[in-house]
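Summary of structural features
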Amino acid sequence: MSKTLVVVVPDADTLAATVASRLIAKIVDAQAERGSAGVVLTGGRIAKRVLAALEELPEARAIDWAQLDLWWGDERFLPAGDPERNETQAREALLDALPLDPARVHAMPASDGPDGDDPEAAATRYAGELRLGGAELPPFDVLMLGVGEDGHVASLFPGHPVLNETGTTAAVRDSPKPPPNRVTLTMPAIQTADEVWLIAAGPDKTDSVGRALGGDELLPAAHATGRTKTYWLLDKAAAAKVG
Ligand SMILES: O=C(O)[C@H](O)[C@@H](O)[C@H](O)[C@H](O)COP(=O)(O)O
């Protein structure tokens, strides 16, 4: 049974630094335990700030970057290098400055990639990449998620048929959050992570965070749980309606 822990910090800057510091510790622990670590990144503003904050932390030098697998929880299905792609933003915020093993940076396919402008084929291709280690999914030590104003996580939106997907990946063609076409991990895939971290800052998240933590099952965020731990990492504004 996953344990839910809520951590509230004063503001978004502190939240970005706190999450970055926790992420370093989790990666270092996983590498000490099994020689490598697997982290799932997400898109959005606070996620970008976490990556930028991580680069500033001296303890980041404890990470063996060549022994880190990076995955994405979702991707805006756009051409490679498009500034709106989650991968582009993560690379600009941090990744391109790190000595990562390029073969272990598992970006979701672009809309000008091998499958062209076909998000279903791209989702299938990513499912294949996730299986390369021999299991349906690789170990996810930490799976990070932003939280939408409507309570979405990754590209899993309230009331959307994608919430019924039982595989590991899926395509979304009518995302209420632009751009319309996306590739996403499914909720069952998210739930295989050892720890799921839901990260939210600002007053525009107060309602969705309060509802999700209050058990409103209409919100996908309420279902995003890790196998051992689920962290809600919030600033004071986002936590204003948490009971
Ligand atoms: O592709 C995306 O946009 C993200 O994956 C999405 O799920 C994001 O994490 C939330 O919408 C929160 O975004 P903000 O942190 O910018 O509010």
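Treat the numbers as computed from the prediction; the structure is a model and nothing was measured. (Residues numbered from 1 in each chain as written. Predicted model: local features only at pLDDT ≥ 70, side-chain atom pairs only at ≥ 80, totals over all residues. Heavy atoms only, no water.)

**Some points on the overall build of the protein chain**
For the record, the criterion: To qualify as a helix, a DSSP run of H or I must reach at least 4 residues; to qualify as a strand, a run of E must reach at least 2; elements of each kind are numbered from the N terminus. It is over C-alpha atoms that the radius of gyration is taken, and the globule rule equals 2.2 Å times the number of residues to the power 0.38. Buried means the residue's accessible area, taken with a 1.4 Å probe over protein chains only, is under 20% of the maximum for its type, while exposed means over 50%, and partly exposed covers the values in between. Throughout, a contact is declared for two residues whenever any of their heavy atoms are within 4.5 Å. Computed with the Shrake-Rupley method and a 1.4 Å probe, the accessible areas treat only the protein chains shown as cover for residues. A positive count includes Lys and Arg, and a negative count includes Asp and Glu. His and the chain ends are not counted in either. Taken as the charge location is NZ of Lys, CZ of Arg, CG of Asp or CD of Glu.
Along the backbone of the protein chain there are six helices and nine strands. Expected size for 243 residues packed as a compact globule is a radius of gyration near 18 Å; at 17 Å, the protein chain falls within 12% of this value. Along the first, second and third principal axes, the C-alpha set of the protein chain runs to 45 × 40 × 35 Å. When the 243 residues of the protein chain are sorted by exposure, 55% land in the buried category. Summarising the internal contacts of the protein chain: among those between residues at least 6 apart in sequence, 76% fall at separations of at least 24. Surface accessibility of the protein chain: about 10300 Å² in total, with carbon and sulfur atoms responsible for 53%. Computing the positive centroid from 23 side-chain charges and the negative centroid from 36, the protein chain places the two 4 Å apart.

**Section: the sheet that holds strand S4 (residues 74–76)**
Let me state the cut-off plainly: Should DSSP find at least two bridges between two strands, the strands are regarded as paired. To define axes, lines are fitted to C-alpha atoms, for helices over the stretch in contact only, and angles between the resulting N-to-C directions are given on a 0 to 180 degree scale.
Spatially, three strands are ordered S4-S7-S6 in an open sheet, and the strand pairing comes out antiparallel. Of all strands in the sheet, those bounded by a partner on one side alone are S4 and strand S6 (169–172). Recorded for the sheet is a direction-independent mean angle of 15° between the axes of neighbouring strands. Here S6 runs beside strand S7 (residues 182–185); their pairing, made up of four bridges, is antiparallel. Paired with Val 172 across the bridge in S7 is Arg 182.

**A closer look at the confidence of the model for the protein chain**
What counts is decided by this rule: A residue's pLDDT is simply how confident the predictor is in it, with values from 0 to 100.
Taken as a whole, the protein chain shows an average pLDDT of 97; of its residues, 100% reach a score of 70 or greater. The ipTM value of the predicted complex is 0.98, and its pTM value is 0.98.

**Points about the site of the ligand**
The condition is simple: Throughout, near means a residue has at least one heavy atom within 4 Å of the molecule or strand. Two N or O atoms count as a polar contact when they lie within 3.5 Å, although within protein this holds only if one can serve as hydrogen donor and the other as acceptor, and sequence-adjacent residues are included solely when both atoms are side-chain atoms. As defined here, a cavity is a set of points on a 1 Å grid over the protein atoms alone where a 1.4 Å probe fits but cannot get out. A pocket is an open set with protein on both sides within 12 Å along at least five of seven lines, and residues line them when an atom is within 4 Å of a point. In this description, a molecule resides in a pocket or cavity if more than half of its atoms sit within 2 Å of the grid points defining it.
Taken together, 15 residues surround the ligand, and among them Arg 45, Asp 74, His 152, Lys 177 and Lys 205 come closest. Measuring from an oxygen atom of the ligand, one finds a side-chain N or O atom of Asp 74 at 2.7 Å. The contact in question runs from an oxygen atom of the ligand to an N or O atom on the side chain of Lys 177, over 2.7 Å. Contact with the protein chains hides 97% of the accessible area of the ligand, taken as 420 Å² for the molecule alone. In this structure, the ligand is accommodated by the largest pocket. Of all the secondary-structure elements, those providing two or more residues to the shell around the ligand are helix H2 (45–56) and S4.

**With respect to the packing of aromatic side chains**
Note the cut-off: Two rings from Phe, Tyr or Trp (for Trp, the six-membered ring) form a pair when their centres are within 6.5 Å of each other. A pair whose planes differ by under 30 degrees is stacked, one over 60 is edge-to-face, and the rest are tilted. In this scheme, the term charge over a ring applies when either NZ of a lysine or CZ of an arginine sits within 6 Å of the ring centre and within 35 degrees of the ring normal.
For the coordinates displayed, the defined rule picks out three aromatic pairs. Between Trp 197 and Tyr 231, the aromatic rings sit 6.1 Å apart at their centres with planes inclined by 80°, giving edge-to-face as the arrangement. Here Trp 197, found in strand S8 (residues 195–200), pairs with Tyr 231, found in strand S9 (residues 229–235); they are 34 residues apart in sequence, far enough to count as distant. A residue is classified by how much of its surface remains accessible, and Tyr 231, at 10% relative accessible area, is buried. Three or more aromatic residues link up through ring pairs in this structure, and these residues are Trp 71, Tyr 126 and Phe 140. In this arrangement the basic side chain of Arg 22 is found over the ring face of Tyr 231, its NZ or CZ atom lying 4.5 Å from the centre.

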